[in-house]
Amino acid sequence: QLAVGDSVGQILIYKLDENRLWSAATREERSSSHQPATFHWHSNAVLCLEWGVKDEEGLAPEIMHLYSGGSECTLIIWEFPQGKKSFLPRFPAPLLSLRGCHSQKEELGMESLLAVGCADNSVVVINVVTKSKLCTISGLQVPYDKVLSLQRNHAGRAEVSLFKSKRGILQKYDLDQDCQISQLSVSYNHDQTPYVNSSSKKASAQNQGGVRTLVSYCANQKYLCTVEQHAEGMNIWLKFWTLTPSKTYEVEKTILNPHDKQVKCLVGHNEVSLVATCSRDGKFKLWTRVQNEWICSCQTSVPCSYINTSAFSGSGDVFAASFGENVGFWDTNDLTLMTTLKCPPSLMVKKFDHIALISESKPAYLVGIWVSRKRCKGVSVWNLLTLRHLWSLKFDGNCHVSCASTGTSGSQGKFAISIASNVASEDDIH
């Protein structure tokens with residue numbers, strides 16, 4: 001038999017007769033004698049098929065099994081010729097490939113294992129007899145939205161933490177050993193929200209009504225802070241997680257609706273127990289840990305608009321944040337606004353997408369990535385000792401720009417800029 005999955009979700013089963021396939025009959029005669037049986041469950045294209053081995057000595061020697069998968073993140077187990085089906089749902093991503101492994105055991109008959117390749121770069125091994133998931137082999141989760149950290153652990157191996165905001169999954173991965181260290185679901189929408197391809201327009205529309213999650217480490221990853229919120233502006237959950245001796249995170253405290261409007265920015269200090277949450281209502285709050293309890297130490301409002309991106313100084317005594325076309329600096333002890341910086345008016349900056357203090361331990365420079373009113377993007381650098389604008393670089397067209405500190409060399413801070421676009425011309429330097 002030949003199983004064919006089509007683009008509308010149908011599975012067509014052809015019964016092949018080798019003698020007639022290679023006979024001198026006309027094409028029309030061969031076609032009329034091989035009308036397929038049609039079975040339909042998938043709502044989208046069938047992406048993978050795999051036949052099971054026929055257990056001729058088992059309890060059901062006449063039954064053939066067929067496994068199918070697609071974008072529904074569900075494995076379908078078909079029984080032919082009856083056409084019955086059973087389901088194994090909740091795979092981490094769409095099913096792209098299937099591969100069976102079969103072994104004969106005298107006391108059990110035919111035992112079948114199935115390796116399921118998923119779109120997030122993971123393989124799930126299934127026992128199709130008991131319909132249970134035996135294990136998951138995970139590579140780097142793709143696509144991811146944010147790199148939370150990249151550092152060497154106590155053993156000297158490189159670790160990266162990746163976050164998938166649309167499904168609320170935080171993955172820690174060992175780059176040297178090429179294996180997953182841990183995976184944490186920081187939001188219930190990991191189980192409730194279907195996997196979608198973030199690059200498609202249809203996916204973007206589906207995600208607008210879902211739960212959006214913000215994540216930040218704090219105090220050398222001893223604590224984890226998360227914000228879960230609906231796009232429509234419903235309830236907001238601020239959670240503080242603690243790293244346990246078993247190297248897993250557990251929720252220590254949950255705060256319902258810490259802000260009146262959606263939280264736009266969440267940032268934790270790398271070394272001390274200090275977290276900032278910034279809302280679209282123009283307010284931001286600082287949270288600190290006092291006597292094993294997370295509390296709001298102080299709060300204030302920005303002069304205009306709301307905070308879009310922020311960062312702490314290395315000592316934690318200064319909080320830098322962008323609001324509109326401005327970058328402000330606050331004293332974290334009493335939230336006094338010390339000064340503000342702006343780009344030259346000729347750049348027509350509308351907002352900042354990202355800011356970074358260079359170097360992170362003793363900031364001497366501020367790097368800001370901005371979007372202009374003409375939809376151009378660019379980078380500007382200020383000297384924090386003199387509070388003077390040093391230079392700016394503008395990039396025309398639709399591009400993605402990011403920057404990160406790369407450490408220090410003497411008194412000069414170093415940083416890297418990546419641009420997913422063409423190189424700007426010399427005329428764009430101001």
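Just so we're clear, the structure is a prediction, and the values are computed from it rather than from any experiment.

**Q** It is not clear to me how the overall build of the protein should be interpreted in this structure. Could you clarify?
**A** From N to C terminus, the protein includes four helices and 33 strands. Taking all 430 residues of the protein together, 44% fall into the buried category. Put simply, of all contacts in the protein between residues at least 6 apart along the chain, 39% involve residues at least 24 apart. Of the roughly 22900 Å² of accessible surface on the protein, a fraction of 50% belongs to carbon and sulfur atoms.

**Q** Even after reading the chapter, I still don't get the confidence of the model for the protein, so can you show me in this structure?
**A** In low-pLDDT regions, the fine details of the predicted coordinates are not to be read closely. This prediction gives the protein a mean pLDDT of 82; 80% of its residues lie at or above 70. Confidence drops under pLDDT 50 across residues 106-110; counting only partners more than four residues distant or on other chains, this segment forms nine contacts. Confidence drops under pLDDT 50 across residues 198-209; counting only partners more than four residues distant or on other chains, this segment forms 14 contacts.

**Q** I would appreciate a short explanation of the sheet that holds strand β27 (residues 336-342) in the present structure.
**A** Strand pairing in a sheet relies on backbone hydrogen bonds. The paired strands run either parallel or antiparallel. Overall, antiparallel pairing links the four strands, which are arranged β24-β25-β26-β27 in an open sheet. Each having just a single partner strand, β24 (307-312) and β27 make up the two edges of the open sheet. Averaged over all neighbouring strand pairs, the angle between strand axes comes to 25 degrees, with direction disregarded. Sheet topology note: the β24/strand β25 (residues 318-323) ladder contains five bridges and is antiparallel.

**Q** Even after reading the chapter, I still don't get the environment of Tyr365, so can you show me in this structure?
**A** Among the structural elements, Tyr365 can be located in strand β29 (residues 365-372). With a relative accessible area of 18%, Tyr365 lands in the buried category.

**Q** Sorry if this is basic, but what is going on with the pairing of strand β23 (residues 293-301) here?
**A** Along any regular strand the residues' side chains alternate between the sheet's two faces. Relative to β23, strand β22 (residues 283-290) runs antiparallel, the two being bridged by eight bridges. Pairing of Val290 across the sheet is with Glu293, part of β23. Once β22 ends, the chain turns through two residues before running back antiparallel as β23, passing Gln291 with a positive phi of about 50 degrees.

**Q** In this structure, what is going on with the side chain of Glu159? I would like to understand it.
**A** With respect to the helices and strands, the residue Glu159 is situated in strand β13 (residues 158-164). Lys172 provides the closest opposite charge to the buried, salt-bridge-free Glu159, at an N-O distance of 4.2 Å. In this view, Glu159 contacts Ser149, Leu150, Gln151, Asn153, Lys172, Tyr173 and Ile181; residues no more than four positions away in its chain are not counted.

**Q** Explanation requested: the sheet that holds strand β20 (residues 263-268) in the structure shown.
**A** The strand order β20-β21-β22-β23 describes an open sheet built from four strands, whose pairing is antiparallel. In this open sheet, the two strands that pair with only one neighbour each are β20 and β23. Averaged over all adjacent pairs, the angle separating strand axes in this sheet is 20 degrees, with direction ignored. Examined bridge by bridge, β20 and strand β21 (residues 274-279) share five bridges and lie antiparallel to one another. Looking across to β21, one finds that Cys265 is bridged to Cys278.

**Q** So what exactly am I meant to see when it comes to a positive patch on the surface here?
**A** Together, Arg212, Arg280, Lys350, Lys351, Arg373 and Arg375 make up a positively charged patch on the protein surface. Inspection of the secondary structure puts Arg375 in the loop between β29 and β30 (377-383). Taking the relative accessible area as the measure of exposure, Arg375 reaches 73% and is therefore exposed.

**Q** How do you make sense of the packing of aromatic side chains when you look at a structure like this?
**A** Within this structure, the stated rule accounts for 15 aromatic pairs. Taken together, a centroid distance of 4.4 Å and an interplanar angle of 10 degrees make the contact between Phe240 and Trp294 stacked. A residue pair is termed long-range when its members are at least 10 positions apart, and Phe240 in strand β18 (residues 236-243) and Trp294 in strand β23 qualify at 54 residues. Given a relative accessible area of 0%, Phe240 falls into the buried group. Among the aromatic residues, those joined into a cluster by ring pairs are Phe284, Phe312, Phe319, Phe323 and Trp330. Directly above the ring of Phe91 sits Lys133, whose terminal nitrogen or CZ lies 4.4 Å from the centroid.

**Q** How should the state of the cysteines be read in this particular structure?
**A** A covalent bond bridging the sulfur atoms of two cysteines is what the word disulfide describes. Applying the stated criterion across every chain yields a total of zero disulfides. Cys225 supplies the cysteine sulfur nearest to Cys218, a cysteine that is in no disulfide, at a spacing of 5.1 Å. Just so you know, Cys278 is unpaired, no disulfide at all, and the nearest cysteine sulfur is the one on Cys265, 4.4 Å from it. Given the relative accessible area of 0%, Cys278 is considered buried.

**Q** Is there a simple way to explain the pairing of strand β14 (residues 169-174) in this structure?
**A** Here β14 lies mainly inside the structure; six of its six residues are buried. Of the two faces of β14, both are covered, the one formed by Ile169, Gln171 and Tyr173 as well as the one formed by Leu170, Lys172 and Asp174. Where β13 meets β14, six bridges bridge the pair, whose relative direction is antiparallel. Across the sheet, Lys164 pairs through a bridge with Ile169, a residue of β14. Where β13 folds back on β14, the antiparallel hairpin that results is connected by four residues, among which Gly168 adopts a positive phi of roughly 65 degrees.

**Q** What should I look at first to understand the environment of Lys342 in this one?
**A** Within the element layout of this structure, Lys342 appears in strand β27. Overall, the relative accessible area of 46% leaves Lys342 in the partly exposed class. With 18 residues separating them in the primary sequence, Lys342 and Gly324 have C-alpha atoms 9.9 Å apart. Setting aside its immediate chain neighbours within four residues, Lys342 contacts Glu325, Asn326 and Trp382.

Here is what the cut-offs are and how they apply
Residues numbered from 1 in each chain as written. Predicted model: local features only at pLDDT ≥ 70, side-chain atom pairs only at ≥ 80, totals over all residues. Heavy atoms only, no water. Helix = DSSP H or I, 4+ residues; strand = E, 2+ residues; numbered from the N terminus. Buried < 20%, exposed > 50% of the residue type's maximum accessible area, 1.4 Å probe, protein only. Contact = heavy atoms within 4.5 Å. Areas by Shrake-Rupley, 256 points an atom, 1.4 Å probe, with all protein chains shown as cover. pLDDT = per-residue confidence, 0-100. Pairing = 2+ DSSP bridges. Axes fitted to C-alpha atoms, helices over the stretch in contact; angles between N-to-C directions. Lys, Arg positive; Asp, Glu negative; His and termini not counted. Salt bridge = Lys/Arg side-chain N within 4 Å of Asp/Glu carboxyl O. Patch = residues over 30% accessible without salt bridge, like charges linked within 9 Å, V, L, I, M, F, W, Y side chains within 5 Å. Charge placed at Lys NZ, Arg CZ, Asp CG, Glu CD. Phe/Tyr/Trp six-rings, centres within 6.5 Å; stacked < 30°, edge-to-face > 60°. Lys NZ or Arg CZ within 6 Å of the ring centre and 35° of its normal. Disulfide = S-S within 2.5 Å.

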